[in-house]
Amino acid sequence: MNIIEFITNNITTFFALVATGIFAGILAGLLGVGGGIVIVPVLFFLFQSFGVSPESAMLVATATSLATIVPTSVSSIRSHHHKGNVDFELLKRWAIFILIGVLAGSWLVTRVDGTLLTILFGVIATLSALNMLFRSSKAALFQQLPGTAGQSVMGTSIGFFSSMVGIGGGTISVPLLTLYNYPAHKAVGTAAAIGLIISLPGALTMLALGTTPVDAPVGTFGLVNVIGFICIVPLTVLFAPVGASLAAKLDAVKLKRVFAIVLLFTGLRMLAQLAL
C-alpha cells in the first residue's frame, strides 16, 4: 500500500494528524509549550488504533515528534531572536552538553523497549502539568544559575531526557531555568534554540540507527513516520503565529491551567495503560 492509498483508506487518521499539527502549533504560540508534549501522546494513541503495539507506537511517536520539531523550532527561533529573547551566551555554554545528552538519549531510544519511554514520558508530562498548576507563579528557589559544573549537568540532562521522550527543550528547560531566577521570556526564547539542538541530531540518529518495528505504521523509516511528519509540520508552522496572536487576546493563564489538567490526565493515562 503506497502513501496515497493509505491516506485515501484512512481519511480519519489523516484529519487526526492534521488536527494534531493545528493544535500543537496553536499551543506552541499561545502557551509557549513545545509541540512535542502534544504530538507524542496523540501519535502514541493514534498509532495503536492502527493495531500497532504500545511499545512500537511509543518508539515511532518519539522519533516522529523530534522530526517535526526541527522546522518548527527554526521558525520559532527567528521570531524570538527578532524580539531579543534568545540568550546566545547561554547556548554557547550549554550546546556541547545538550548535544552529548541528545546523542546518548537518542541512541538509547534505538536500543530500549518502548515501555521505558512511555513510563518516562508519563512521569515528565505529569510533573510538567503539576508545575504549571502549582509552581508557575511561585518565586524562584535560587537567585542565579549554578557554576560551570552544575550548568553542564543541566544541559546534559535536558538533552538526554528530552530526546528520549520526543519533546523540545521547553518542557524541561523553561521551568528549570525559571527555578534559578532566569527571566521567563528569555527562557522561552532560548528554549526554542535548545529545541533545535535536541531535535535535529535526535531525529537523524533515530532515522539512521533505529530498527523499524515489524508492526510500525506504513511510511515509517527507521523510527520516523514520514506520513505523520508531512501532515503535522506545515500546520504547526502555519498555526504557531495564530496562537501567538490569540495570546494577546485571551487569558493565557487560565488556558495554561486547562492545558495542564489535560496534560496531567494524559500522563496518568499513559502510565495507567502500562499497569493494566
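Parameters and conventions
Along each chain, residues carry numbers from 1 onward, in the same order as the chain's sequence is written. For a predicted model such as this one, the threshold for reporting local features is a pLDDT of at least 70, and the threshold for listing and counting side-chain atom pairs is 80 or more; totals across whole chains, interfaces and linings nevertheless cover every residue. For side-chain calculations, the full set of non-hydrogen atoms in the structure is used, while hydrogens and water are omitted. Segments assigned H or I by DSSP are reported as helices when at least four residues long, segments assigned E as strands when at least two residues long, and all are numbered from the N terminus. A helix is expected to reach a length of 1.5 Å times the quantity of its residues less one. A residue's bend is given by the angle between axes fitted to the 7 residues ending at it and the 7 residues starting at it. Buried residues are those whose accessible area, probed at 1.4 Å on protein chains only, stays under 20% of the maximum for their type, while exposed residues exceed 50% and partly exposed ones sit between those limits. Throughout, nonpolar core names a set of buried Ala, Val, Leu, Ile, Met, Phe, Trp, Tyr and Cys residues whose side chains join them through atoms within 4.5 Å. Pairs of residues are marked as contacts when any of their non-hydrogen atoms sit within 4.5 Å. Here a polar contact is taken to be a pair of N or O atoms separated by no more than 3.5 Å, where protein atoms must pair a possible hydrogen donor with a possible acceptor and residues adjacent in sequence count only if both atoms sit in side chains. To count toward a patch, a residue needs a relative accessible area over 30% and no salt bridge; like charges are then connected within 9 Å, while nonpolar side chains (Val, Leu, Ile, Met, Phe, Trp, Tyr) are connected within 5 Å. Calculation of accessible area relied on Shrake-Rupley with a 1.4 Å probe; when residues are assessed, cover is drawn exclusively from the protein chains displayed. Salt bridges are identified by distance alone: a Lys or Arg side-chain nitrogen within 4 Å of an Asp or Glu carboxyl oxygen. Summary of the metric used: pLDDT quantifies the predictor's per-residue confidence within the range 0 to 100. The axes are straight lines fitted to the C-alpha atoms, using for helices just the contacting stretch, and the angles between their N-to-C directions are given from 0 to 180°. Note on convention: the crossing is left-handed when the near helix lies turned anticlockwise from the far helix by less than a right angle, right-handed when the turn is clockwise. Residue polarity is assigned by list, with Asp, Glu, Lys and Arg as charged and Ala, Val, Leu, Ile, Met, Phe, Trp, Tyr, Cys and Pro as nonpolar; anything else, Gly included, falls into the polar class. Should an angle fall under 35 degrees it is called roughly parallel, over 145 degrees roughly antiparallel, and 65 to 115 degrees roughly perpendicular, with every other angle called oblique. Side-chain rings of Phe, Tyr and Trp (the six-membered ring for Trp) are treated as a pair once their centres are within 6.5 Å; stacked means planes under 30 degrees apart, edge-to-face means over 60, and tilted covers the remaining angles. In our convention, an over-ring charge means Lys NZ or Arg CZ found within 6 Å of a ring centre and within 35 degrees of that ring's normal.

Caption draft 1: Seen up close, helix α4 (residues 54-82). With 29 residues, α4 should reach 42 Å at 1.5 Å per residue; the first-to-last C-alpha distance of 41 Å fits that figure. At Val 70, α4 shows its maximal bend, which comes to roughly 30 degrees, and the proline Pro 71 appears one to four places after that position. Positive backbone phi, approximately 75 degrees, marks Gly 84, located one or two places after α4.

Caption draft 2: Here's a closer look at the environment of Ser 245. For Ser 245, the location among the structural elements is in helix α10 (residues 226-247). When its relative accessible area of 42% is taken as the criterion, Ser 245 is described as partly exposed. The spacing of Ser 245 and Ser 199 is 46 residues in sequence and 26 Å in space, taken between C-alpha atoms.

Caption draft 3: Structural view of the nonpolar core. Trp 94 and Phe 121 are the most contacted members of the largest nonpolar core, which totals 66 residues. Examining the composition of this core, we find that 10 residues originate from one element, α4, more than from any other. If near-sequence neighbours (up to four positions away) are discounted, Trp 94 is found in contact with Gln 151, Met 154, Gly 155, Ile 158, Leu 177 and Ile 194.

Caption draft 4: A look at the side chain of Ser 199. Tracing the chain through its elements places Ser 199 in helix α9 (residues 184-209). Looking at Ser 199, its side chain comes within polar contact range of the main-chain oxygen of Gly 195, at 2.8 Å. The contacts of Ser 199, once residues within four sequence positions are left out, are Leu 66, Ile 69, Val 70 and Ser 73.

Caption draft 5: Molecular detail of a nonpolar patch on the surface. On the surface, a nonpolar cluster with roughly 500 Å² of combined accessible area is contributed by Ile 119, Val 123, Leu 127, Leu 130, Phe 134 and Leu 274. Tallying contributions element by element places helix α6 (residues 114-134) first for the nonpolar patch, with five residues.

Caption draft 6: Quick peek at the pattern of salt bridges. As enumerated under the stated definition, the model contains one salt bridge in all. The residue Lys 92 makes a salt bridge to Glu 89 at a minimum N-O spacing of 3.6 Å. Separated by three residues within a single helix, Lys 92 and Glu 89 lie in helix α5 (residues 88-109), roughly one turn from each other. We classify Lys 92 as exposed; its relative accessible area is 62%. Residue class for Glu 89 comes out partly exposed when judged on its relative accessible area of 48%.

Caption draft 7: Geometry of the confidence of the model for the chain. Residues of the chain with pLDDT of at least 70 account for 92%, and the chain-wide mean is 86. The element-level mean pLDDT for the chain is lowest in helix α1 (residues 3-9), coming to 60, with α5 highest at 96.

Caption draft 8: Focus on the packing of α5 against helix α7 (residues 148-165). Two numbers describe how α5 lies on α7: the axes approach to 6 Å, and their chain directions differ by 40 degrees. At the point where α5 passes α7, the crossing takes the right-handed sense. Of the residues in α7, those touching α5 at Leu 90, Arg 93, Trp 94, Phe 97, Ile 98, Gly 101, Val 102, Ala 104, Gly 105, Ser 106, Leu 108 and Val 109 are Gln 151, Ser 152, Met 154, Gly 155, Thr 156, Ile 158, Gly 159, Phe 160, Ser 163 and Met 164. Across the contact of α5 with α7, the residue classes break down as 12 nonpolar, nine polar and one charged.

Caption draft 9: Highlighting the packing of α7 against α9. Between α7 and α9, whose axes approach to 10 Å, the crossing angle comes to 50 degrees. Classified by the angle between their axes, α7 and α9 sit oblique to one another. Between α7 and α9 lies a crossing of right-handed hand. Counted together, Ile 158, Gly 159, Ser 162 and Ser 163 of α7 and Ile 194, Ile 198 and Met 206 of α9 form the full contact between these two elements. A class-by-class count of the residues in the contact of α7 with α9 yields four nonpolar, three polar and no charged.

Caption draft 10: A look at the packing of aromatic side chains. Evaluation of the coordinates by the stated rule reveals four aromatic pairs. Each ring, one from Phe 142 and one from Tyr 180, has its centre 4.7 Å from the other, and the planes form 20 degrees; the classification is stacked. Placement of the pair is Phe 142 in the loop between α6 and α7 and Tyr 180 in the loop between α8 (170-179) and α9, with a sequence separation of 38 residues. Assessed through its relative accessible area of 38%, Phe 142 is described here as partly exposed. Tyr 180 gets classed as buried once you look at its relative accessible area, which sits at 17%. For Arg 269, the ring lying beneath its charged end belongs to Phe 45, and the centroid distance is 4.2 Å.

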